[in-house]
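This is what each chain is made of:
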Amino acid sequence: MAVEVELTLEEAAFGVEKEITFKAQGTCETCEGVGTTDPASIKSCPDCGGQGRVRTVRRTILGQFMQTAPCVRCRATGKVIESPCEACHGDGRVFMERAVTVQIPAGIDAGQRIRVSGRGGAGERSARAGDLYVRVRVAEHDLFERRGDDILFGVDLTMVQAAVGTTMTIPTLDGDEEMEFPAGTQPGDVKVLRGKGIQHLNGHGRGDQEIHVRVLVPHGLDEQQRRLLQEFDEACGAEHYGDREEGVLQKLRNWLSG
Ligand SMILES: [Zn+2]
Ligand SMILES: [Zn+2]
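Residues numbered from 1 in each chain as written. Chains lettered and ligands numbered in written order. Predicted model: local features only at pLDDT ≥ 70, side-chain atom pairs only at ≥ 80, totals over all residues. Heavy atoms only, no water.

Chemist: What is the right way to read the domain arrangement of the chain from this model?
Modeler: Accessible area lost upon the coming together of the parts is a frequently used measure of interface size. Domain boundaries in the chain define domain 1 (1-38 + 85-140), domain 2 (40-82) and domain 3 (145-257). Distance between the C-alpha centres of domain 2 and domain 3: 76 Å. (Domains from an automatic or database assignment.)

Structure, rendered in structure tokens:
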């Protein structure tokens, strides 16, 4: 049987031990899975003589054919219970709330499954329990986007911060980190923090964190602010803007490689 578990991005990145509760067939405690509290009432099935299969005759225009089919009365077990357990009606199992502790490995991603051997629903009359499959979901993160084992983060710089350079506090999976953005930082620039991404599943090392730069342009300027910028623009020649064509192309390349 399968159950779902939702993890945070941090739990998926570093691994976690999770207790998962779910409803499943469990061995009946009243009869310990036997199906009756009176073992003497277990008898050989009269319909199939304890064989679990019955013979039927099929008549066709070509003649008679003998067939065997699973016995319906004893559900092919060959046994019937005359006084079945009241708790499980002879089934040997009942639905119950169950809990299992699962070790979620670091690096797991949404949609992947973890198999927990023998922790699924109990089999009929003490038959071996099936496996439990835990399917992973990962909740959306407030700050980060996951791409493979890399973490993507967007940072907003004002036009002036981008032009003159600044230091920003960047959140990572391991806590805040100071990062310098040099003078002349462009929109779409990407900085990389190596090894700050997600642990490679069943492997060594971690992915990276990419910091994608967005540059904010001011709006709603008053007269004085507008005049200051216009004065600046007159003082600032085209050489300070670099090659515009190249800028557009670089943006396109960043987008394509992203
Ligand atoms: Zn029972
Ligand atoms: Zn039978």
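Chemist: Teacher, can you tell me more about the environment of Gly148 here?
Modeler: Along the polypeptide, Gly148 turns up in the loop between strand 10 (145-147) and strand 11 (150-158). Given a relative accessible area of 46%, Gly148 falls into the partly exposed group. (Helix = DSSP H or I, 4+ residues; strand = E, 2+ residues; numbered from the N terminus. Buried < 20%, exposed > 50% of the residue type's maximum accessible area, 1.4 Å probe, protein only.)

Chemist: It is not clear to me how the sheet that holds strand 11 should be interpreted in this structure. Could you clarify?
Modeler: Taken together, 4 strands build an open sheet; the order of strands is 10-11-15-14 and the sheet is mixed. The sheet terminates laterally at strand 10 and strand 14 (190-193), the two strands that pair on one side only. Each adjacent strand pair in this sheet contributes to an overall mean axis angle of 35°, direction not counted. (Pairing = 2+ DSSP bridges. Axes fitted to C-alpha atoms, helices over the stretch in contact; angles between N-to-C directions.)

Chemist: How should the layout of surface pockets be read in this particular structure?
Modeler: Using a probe with the size of a water molecule, rolled over the atoms, empty space left in the structure can be pinpointed. Put simply, the second largest pocket is a space of about 200 Å³. For the second largest pocket, the lining is made up of 10 residues, of which Gly188, His212, Lys251, Asn254 and Trp255 are closest to its centre. Listing elements by their share of the lining of the second largest pocket, those giving two or more residues are strand 15 (209-216) and helix 4 (244-257). Of all the elements, helix 4 adds the most residues to the lining of the second largest pocket, at 3 residues. Looking at the lining of the second largest pocket residue by residue, the classes come out as 4 nonpolar, 4 polar and 2 charged. (1 Å grid on protein atoms, 1.4 Å probe; cavity = no way out; pocket = protein on both sides within 12 Å on 5 of 7 lines; lining within 4 Å. Points joined across faces, edges and corners; volume = space filled by probe spheres on them. Nonpolar A, V, L, I, M, F, W, Y, C, P; charged D, E, K, R; others polar.)

Chemist: Can you help me understand the environment of Glu180 in this one?
Modeler: Looking at the element boundaries, Glu180 is found in strand 13 (residues 175-181). Those residues in contact with Glu180, other than ones at most four positions away along the chain, are Thr166, Thr167 and Lys191. (Contact = heavy atoms within 4.5 Å.)

Chemist: Mind showing me how you'd approach the coordination of the zinc ion (ligand 1) here?
Modeler: The expected angle between donors at a tetrahedral four-coordinate metal is 109.5 degrees. At an octahedral six-coordinate metal it is 90 or 180 degrees. In this structure, Cys28 (SG), Cys31 (SG), Cys85 (SG) and Cys88 (SG) serve as the protein donors to the zinc ion (ligand 1), at separations of 2.3 Å. Viewed at the metal, the 4 donor atoms of the zinc ion (ligand 1) are separated by angles of 104 to 114°, and the geometry they form is tetrahedral. (Donors = N, O, S within 2.8 Å, 3.2 Å for Na, K, Ca; no water. Tetrahedral: all angles 85-135°; square planar, octahedral: opposite > 155°, others 65-115°.)

Chemist: Sorry if this is basic, but what is going on with the sheet that holds strand 1 (residues 2-7) here?
Modeler: Two pairing modes exist for strands in a sheet, parallel and antiparallel, and in both the strands are linked by backbone hydrogen bonds. Strand order across the open sheet formed by 3 strands is 1-9-8, with mixed pairing between neighbours. The open sheet has two edge strands, strand 1 and strand 8 (113-116), and neither has a second partner. Here the average twist between neighbouring strands, direction ignored, is 30°. Pairing geometry for strand 8 and strand 9 (residues 132-138), over 4 bridges, is antiparallel. Looking at strand 9, one finds that Arg115 is bridged to Tyr133.

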